[in-house]
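Architecture and fold: a report
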Amino acid sequence: MALKLAVFGNPIAHSMSPLIHQHFAKLHGHEISYERLLVEGSFKEAADAFFSSGGLGCNITVPCKIEAYEFAHELTDRARIAKAVNTLKRIQSEDGKERYIGDNTDGFGFYSDLLRLNAPLQQAKVLVIGAGGAARGILPSLMSKEAALSELTLVNRTVSKASQLLQGLDEVLLDRSEAKCRACTFDDLLPDDHYDVIINSTSLSVSKELPKIPDSIYTHAAFAYDLYYTKTGSTVFTDKASSLGVKACFDGLGMLVGQATLSYELWAGVRPDIGATLDYLRSELG
Ligand code: NDP
């Protein structure tokens, strides 16, 4: 029988998740159904209806990730740290009751993409721009012992959000590296500052705007990554970085596919290859 899957959110018509998961299923010879479900009222009501009609699992996107977090009976460490759930799976407990496991695969998607792209993280000075929901997902991996950064700077228009985010993560992360972490405003960034890796996690690229950082910050960097993604693989941010000499510039499509591979593994028991699906997606988007 086909695995019944879906993605919930509002808006949802633009979601590429059905395309990605159908491609995973094709690669592995699985039969799945994967719908986009628009949530106009309560997420809980929508999710109850889906699971009671045989749903096995779902992805959750903006603005329902917090409600999905509250909906889950059990949380993975990743979801607990992110305080948000983007993947749910229905299981049956020993007493026969339905239970829901909540996971958050965004951070994994981001980090696995950086590894795939050979981002120079070890002992690097990294600048993360933006401290919204996506930053919350990606920071734990950057602050981990495995990434082994030497410094992490989090710059945000609203600096209090950046400070709270770093402080909150400091309290819950178990494998925190020795990296020096600081939060700052755009005005605190100086032309002489040197970062090896710059990551744009603001939503500015959506409206084709650039974060207000000195040009010299791009000039010094070796690797630039924008969480936003486009058909062509370039964004205003990656274009700017590339024009100022950054050799390795990437958009966030690999992160999107990476987070989906982990969701798929939770439901179907196998983790699909990121590269094969990325090629397919770019050709579909183009
Ligand atoms: P949020 O709305 O949670 O956060 C937006 C961030 O952008 C905040 O830090 C905000 O600063 C900053 N920002 C917005 N407008 C401005 C501005 N005019 N000047 C300076 N800073 C600004 O969004 P998300 O974190 O959920 O998403 C951010 C980006 O990441 C989006 O482009 C999204 O598409 C992408 N994304 C990609 C994913 C992928 O799989 N590739 C997954 C998730 C997100 P402030 O706090 O001051 O408001």
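This text goes with the structure placed above it.
Quick look at the layout of surface pockets
In this structure, the second largest pocket occupies an estimated 430 Å³ of space. Lining the second largest pocket are 18 residues, and of these Arg78, Ile81, Pro140, Ser141 and Asp175 lie nearest its centre. Broken down by element, the residue count for the lining of the second largest pocket peaks at five residues, all from helix α4 (residues 77-82). Here the lining of the second largest pocket is composed, by residue class, of seven nonpolar, five polar and six charged.

Looking at helix α5 (residues 106-116)
With respect to burial, α5 is a largely interior element, eight of its eleven residues being buried. Next to the buried residues of α5 lie α3 (65-71), α6 (133-142), β10 (197-200), β11 (223-226), α10 (253-268) and α11 (274-285). Once α5 finishes, asparagine 118 follows within two positions and takes phi at roughly 55°, a positive value.

Here's the deal with the pattern of salt bridges
Working definition: two side chains of opposite charge can pair if their charged atoms are close together. Tallied over the entire structure, the rule returns 13 salt bridges. Across the salt bridge formed by lysine 65 and aspartate 106, the nearest N and O atoms sit 3.0 Å from each other. With a gap of 41 residues between them, lysine 65 in helix α3 and aspartate 106 in helix α5 connect regions that are remote in the sequence. On the accessibility criterion, aspartate 106 (15% relative accessible area) is buried. Note that arginine 282 and aspartate 251 form a salt bridge whose closest N and O atoms lie 2.8 Å from each other. Here aspartate 251 lies in the loop between β12 (248-250) and α10 and arginine 282 lies in helix α11, a separation of 31 residues in the sequence. Residue arginine 282 is classed as partly exposed on the basis of its relative accessible area, which comes to 27%.

Points about the site of the ligand
In the vicinity of the ligand there are 20 residues, among which Ala134, Asn156, Arg157, Thr158 and Lys161 approach most closely. Threonine 158 is positioned such that a nitrogen or oxygen atom in its side chain is 2.5 Å from an oxygen atom of the ligand. The backbone of leucine 227 places a nitrogen or oxygen atom 2.9 Å from a nitrogen atom of the ligand. If the ligand stood free it would expose 930 Å²; the protein chains cover 74% of that surface. When residues of the shell around the ligand are traced back to their parent elements, those giving at least two are α6 and α10. A per-class count over the shell around the ligand returns nine nonpolar, nine polar and two charged.

Procedures and definitions
- Residues numbered from 1 in each chain as written.
- Predicted model: local features only at pLDDT ≥ 70, side-chain atom pairs only at ≥ 80, totals over all residues.
- Heavy atoms only, no water.
- 1 Å grid on protein atoms, 1.4 Å probe; cavity = no way out; pocket = protein on both sides within 12 Å on 5 of 7 lines; lining within 4 Å.
- Points joined across faces, edges and corners; volume = space filled by probe spheres on them.
- Helix = DSSP H or I, 4+ residues; strand = E, 2+ residues; numbered from the N terminus.
- Nonpolar A, V, L, I, M, F, W, Y, C, P; charged D, E, K, R; others polar.
- Buried < 20%, exposed > 50% of the residue type's maximum accessible area, 1.4 Å probe, protein only.
- Contact = heavy atoms within 4.5 Å.
- Salt bridge = Lys/Arg side-chain N within 4 Å of Asp/Glu carboxyl O.
- Near = heavy atom within 4 Å.
- Polar contact = N/O pair within 3.5 Å; in protein donor to acceptor, adjacent residues only side chain to side chain.
- Areas by Shrake-Rupley, 256 points an atom, 1.4 Å probe, with all protein chains shown as cover.

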